[in-house]
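# Examining the three-dimensional arrangement
The lines below spell out each chain.
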Amino acid sequence: MAETEDFWNRIARKYAADPIKDMEGYNRTIDRTREHLSRDARVLEVGCGSGATALLLAPEVGHITASDISSEMITIGREKAAGTNVANIDFVRATPFDDAFPDAPYDAVLAYNFLHLVPDVPALIDRLAELMRPGGLLISKTPNIGGARRLVLQPLIAAMRLFGKAPPDLSFVSPKQLKAMIAKAGFEIVVFEFHGDSRPFIVAKKK
Ligand SMILES: C[S@@+](CC[C@H](N)C(=O)[O-])C[C@H]1O[C@@H](n2cnc3c(N)ncnc32)[C@H](O)[C@@H]1O
């Protein structure tokens, strides 16, 4: 975990400063997310990065806890929040597995560009389910690095890792595998569609 935090701390300022590569795909994800959030929703975002999405959505929900393993990402999130009048957001340095979420169970858990970043994706999904109330929503978008893409990406990423240019823990799950894992963890799949460069956007309701 220290290696993971070090990696993201190292790239946090650049990650936060870089423009979003696929603005159309991002806007679609945000619009689709909004359709599933209510004004009083208590929301947890995992792997929130520099907090841009949490800050965007905060005025439309009851409260957001924005969490991330990287202390540097959390610092940037707090800096950004200080420049706004958004008051219903808390930034927490934590992984989903930490005992750091006294507000659980949440009405919704958001996970953007995150579910592939752990070695055991089913264990992560089980843990997210634990953090949600029955009927709560898991809303995720995940890079598609599985299936045929894995054949190209896995060796490339292994090489990048040698130079510290790729995250330490990556799971090469395909969209189909991800959907099956979420369903197996006790969720009903409500939305399964592709945004941007074929990233699966999945909304799943905890049974
Ligand atoms: C690709 S970035 C995505 C950030 C943001 N959700 C977005 O869509 O721009 C992945 C984020 O997950 C965080 N992260 C990686 N592994 C993590 C873990 N095990 N627990 C919590 N956060 C983690 C990183 O620090 C990073 O901020």
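Report on the accompanying structure. (Residues numbered from 1 in each chain as written. Predicted model: local features only at pLDDT ≥ 70, side-chain atom pairs only at ≥ 80, totals over all residues. Heavy atoms only, no water.)

Glancing now at the site of the ligand. Neighbouring the ligand are 18 residues, the closest being Tyr15, Gly47, Asp68, Tyr112 and Asn113. The contact in question runs from an oxygen atom of the ligand to an N or O atom on the side chain of Tyr15, over 2.8 Å. Side-chain polar atom of Asp68 to an oxygen atom of the ligand: 2.5 Å apart, as the coordinates give it. Notes on the ligand: free accessible area 590 Å², of which the protein chains cover 91%. (Near = heavy atom within 4 Å. Polar contact = N/O pair within 3.5 Å; in protein donor to acceptor, adjacent residues only side chain to side chain. Areas by Shrake-Rupley, 256 points an atom, 1.4 Å probe, with all protein chains shown as cover.)

A few words now on the sheet that holds strand β4 (residues 106-112). Pairing within the open sheet is mixed, and its 7 strands lie in the order β3-β2-β1-β4-β5-β7-β6. Since the sheet does not close on itself, it has two edges, and those belong to β3 (89-93) and β6 (187-195), each with one partner. When the angles between neighbouring strand axes are averaged without regard to direction, this sheet yields 15 degrees. Where strand β2 (residues 63-68) lies against β3, 5 bridges are found, and the strand directions are parallel. If you follow Asp68 over to β3, its bridge partner there is Arg93. (Pairing = 2+ DSSP bridges. Helix = DSSP H or I, 4+ residues; strand = E, 2+ residues; numbered from the N terminus. Axes fitted to C-alpha atoms, helices over the stretch in contact; angles between N-to-C directions.)

As a further point, take the nonpolar core. A general feature of soluble globular proteins is that nonpolar side chains tend to end up buried together. Formed by 36 residues in total, the largest nonpolar core has its most connected members in Leu115, Leu128, Leu178, Ile182 and Phe187. Those elements that place two or more of their residues in this core are α1 (2-17), β1 (42-46), α4 (71-82), β4, α5 (121-130), β5 (132-141), α7 (175-184) and β7 (199-206). If you tally residues by element for this core, the top one is α5, at 5 residues. Residues in contact with Leu128, not counting those within four places in the same chain, are Val46, Pro96, Val109, Leu115 and Leu138. Ile30, Leu37, Ile64 and Val86 belong to the second largest nonpolar core, which has 26 residues in total. (Core = buried A, V, L, I, M, F, W, Y, C linked by side-chain atoms within 4.5 Å. Buried < 20%, exposed > 50% of the residue type's maximum accessible area, 1.4 Å probe, protein only. Contact = heavy atoms within 4.5 Å.)

What follows concerns the side chain of Thr65. In this fold, Thr65 is placed in strand β2. Accessibility expressed as a relative area gives 3% for Thr65, which makes it buried. Discounting chain neighbours no more than four positions away, the residues touching Thr65 are Val43, Leu44, Glu45, Asp90, Val92, Phe101, Asp103 and Tyr106.

Next up on the list: unusual backbone geometry. The phi angle of most residues is negative, glycine excepted, and most peptide bonds adopt the trans form. Residue Pro105 is bonded to the preceding Ala104 through a cis peptide linkage, with omega at 5 degrees. Inspection of the secondary structure puts Pro105 in the loop between β3 and β4. We note that Asn113 has phi near 55 degrees; this positive angle belongs to a residue other than glycine. Here Asn113 shows up in the loop between β4 and α5. The partly exposed category is assigned to Asn113, whose relative accessible area is 27%.

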